[in-house]
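Observations on the three-dimensional arrangement
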Amino acid sequence: MGRLSIEETILYEDKDIIVCRKPGGVPVQTRRTGMMDLESWIKNYLVTKGEDSYLAVIHRLDQPVQGILVFGKNQKSAAGLSRQVQTGQMKKTYLACVQGVPEEKEGTLENQMEKIPGSNFSRVVEEKTKNSKKAVLKYKVLKEKEGQSLLEIDLKTGRHHQIRVQLAHAGFPIIGDTKYNEKEDGKGEWKEMGLCASKLSFRHPQTGKKMEFQVNPDGNFPIV
């Protein structure tokens, strides 16, 4: 898929789980005819090895976003991983390359966010509404260069398009985000985005061993 083979995207695999690096531009799942998604790609890979094609999607990344995902290869492992997501035991850290430099080098963004009905957009609302939910993330400025910043993001909640929406609302939109960055040309067109799920940690759902994975971003990251 794209410029990588499935073997090159796999970071770890055993009989219970598979950890992959999703390339930017590849959907985790899709209903679009003729478009391969990561789920189908991995299932095909399992079949070619003579394994059962069962694969549970535990968490997702937006299509333009690159980074680490873990999948369950059986129902028991999938249930264990899903519990960790629900209880906040699965830790996700992102790198975001943004326009602008925050005055505070470390901080917390906390907003009410809602998904706009009938669309694939979310937004920050000033007051609580019947459809809004609290969105919280912590950020740290790692580097600055020519009016741009590299931020480390510790995601505390998992709202639709949360990082993209909250950073844009705070005045630091993600480079390459044609949906929420008003300064990007080609609204709605595909571009490589400066957002990467760079670290993932969780407990192995069968052994309880702590698993930690980290990748460096590629593509549209002027600052790394």
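**Here we look at the overall build of the protein**
When you go through the protein residue by residue, the secondary structure sums to four helices and 11 strands. The C-alpha radius of gyration computed for the protein amounts to 18 Å, which stays within 12% of the reference 17 Å derived for 224 residues, consistent with globular compactness. Dimensions along the principal axes, computed over C-alpha positions, put the protein at roughly 50 × 35 × 35 Å. Each of the 224 residues in the protein was classed as buried or not, and the buried ones make up 48%. The contacts of the protein with a sequence gap of at least 6 include a subset with a gap of at least 24, amounting to 63%. When the accessible surface of the protein is split by element, carbon and sulfur atoms take 45% of a total near 11800 Å².

**With respect to the packing of aromatic side chains**
Counted by the stated rule, this structure contains three aromatic pairs. Taking 6.0 Å as the distance between ring centres and 50° as the angle between the ring planes, the aromatic pair formed by Y12 and F213 counts as tilted. Of this pair, Y12 sits in strand β1 (residues 10-13) while F213 sits in strand β11 (residues 210-214); the two residues are 201 residues apart in sequence, bridging distant segments of the chain. Overall, F213 belongs to the buried group, its relative accessible area being 13%. The interplanar angle of 75° and the centroid separation of 5.8 Å between the aromatic rings of F121 and Y180 together place this pair among those described as edge-to-face. Of this pair, F121 sits in the loop between β6 (106-115) and β7 (122-125) while Y180 sits in the loop between α4 (162-169) and β10 (195-203), placing them 59 residues apart in sequence.

**A closer look at helix α2 (residues 38-48)**
Residues of α2 that are buried: L38, E39, W41, I42, Y45 and L46. Here the buried residues of α2 occupy an arc of 165° about the axis, which is enough to place them on one side. The N-capping residue of α2, defined by a side-chain oxygen 3.4 Å from the backbone nitrogen of E39, is D37. Positive phi shows up at G50, right after α2, with a value of about 80°.

About the thresholds
Residues numbered from 1 in each chain as written. Predicted model: local features only at pLDDT ≥ 70, side-chain atom pairs only at ≥ 80, totals over all residues. Heavy atoms only, no water. Helix = DSSP H or I, 4+ residues; strand = E, 2+ residues; numbered from the N terminus. Rg over C-alpha atoms; globule rule 2.2 N^0.38 Å. Buried < 20%, exposed > 50% of the residue type's maximum accessible area, 1.4 Å probe, protein only. Contact = heavy atoms within 4.5 Å. Areas by Shrake-Rupley, 256 points an atom, 1.4 Å probe, with all protein chains shown as cover. Phe/Tyr/Trp six-rings, centres within 6.5 Å; stacked < 30°, edge-to-face > 60°. Arc of directions from axis to C-beta. Polar contact = N/O pair within 3.5 Å; in protein donor to acceptor, adjacent residues only side chain to side chain.

Note that every value here comes from positions in space, so none of it alone points to a role or purpose.
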